[in-house]
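Tertiary structure, described
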Amino acid sequence: MATKKEYLDFVLEQLSQLDDITYKAMMGEYILYYRGKIFGGIYDDRLLVKPTESAKRLMPTAPLELPYEGAKPMLLVEDIDDRQFLCGLVEAMLDDLPEPKKKKK
């Protein structure tokens, strides 16, 4: 089941206080970036984030879920209605995230 565009729009609106949030469509789902670093994605109308130390600390009871078959587990963000929490979560995760890989020429 692909993610609805309306769900993506809602999540992006919730994160609108942060500069430089971008996304890339991937086979009906969306990869989310903050300042060029992948922090999570939207899969089957669920916001999932990488299980960084910061994310686990801020969401200690969040369930681990698979975005798709064969993928690494990610943390389910259950409270997407709390804009302040969501922006704080993504901001806190930034230093834990790896630098983007350089593209080969």
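The sections below set out a description of the structure shown in this document. Every value quoted in this text rests on a predicted model; they were computed, and no experiment measured them.

**What to know about unusual backbone geometry**
Positive phi outside glycine occurs at D20, with the angle close to 70°. Within the secondary structure, D20 sits in the loop between α1 (5-14) and β1 (21-26). According to the relative accessible area criterion, D20 is partly exposed, its value standing at 44%. Although it is not a glycine, D45 sits at a positive phi angle of roughly 55°. Within the secondary structure layout, D45 lies in the loop between β3 (37-43) and β4 (46-49).

**Here's the deal with the side chain of K37**
Looking at where K37 falls in the secondary structure, it is placed in strand β3. A polar contact of 3.2 Å, which involves the side chain of K37, links it to the backbone oxygen of L94. Residues in contact with K37, not counting those within four places in the same chain, are L32, L94, L97, P98, E99 and P100.

**What about the sheet that holds β3?**
Each strand in a sheet pairs with its neighbour through backbone hydrogen bonds, running either in the same direction (parallel) or in the opposite one (antiparallel). With antiparallel pairing, 6 strands are arranged side by side in an open sheet as β1-β2-β3-β4-β6-β5. Whereas interior strands pair on both sides, the edge strands pair on one side only; in this sheet they are β1 and β5 (64-65). Note: β3 against β4, 4 bridges, orientation antiparallel. The residue of β4 that forms the bridge with G40 is V49. α1 contacts β1, β2 (29-34), β3 and β4 of the sheet and is inclined by roughly 15° relative to β2.

**Structural notes on the pairing of β4**
Going residue by residue along β4, you find R46 and L48 tucked away on one face and L47 and V49 tucked away on the opposite face as well. Two successive antiparallel strands, β3 and β4, enclose a turn made up of 2 residues, where D44 displays a positive phi of approximately 50°. Note: β4 against strand β6 (residues 74-76), 2 bridges, orientation antiparallel. Across the sheet, residue V49 finds its bridge partner in β6, namely L75.

Thresholds, definitions, all that
- Residues numbered from 1 in each chain as written.
- Predicted model: local features only at pLDDT ≥ 70, side-chain atom pairs only at ≥ 80, totals over all residues.
- Heavy atoms only, no water.
- Helix = DSSP H or I, 4+ residues; strand = E, 2+ residues; numbered from the N terminus.
- Buried < 20%, exposed > 50% of the residue type's maximum accessible area, 1.4 Å probe, protein only.
- Polar contact = N/O pair within 3.5 Å; in protein donor to acceptor, adjacent residues only side chain to side chain.
- Contact = heavy atoms within 4.5 Å.
- Pairing = 2+ DSSP bridges.
- Axes fitted to C-alpha atoms, helices over the stretch in contact; angles between N-to-C directions.

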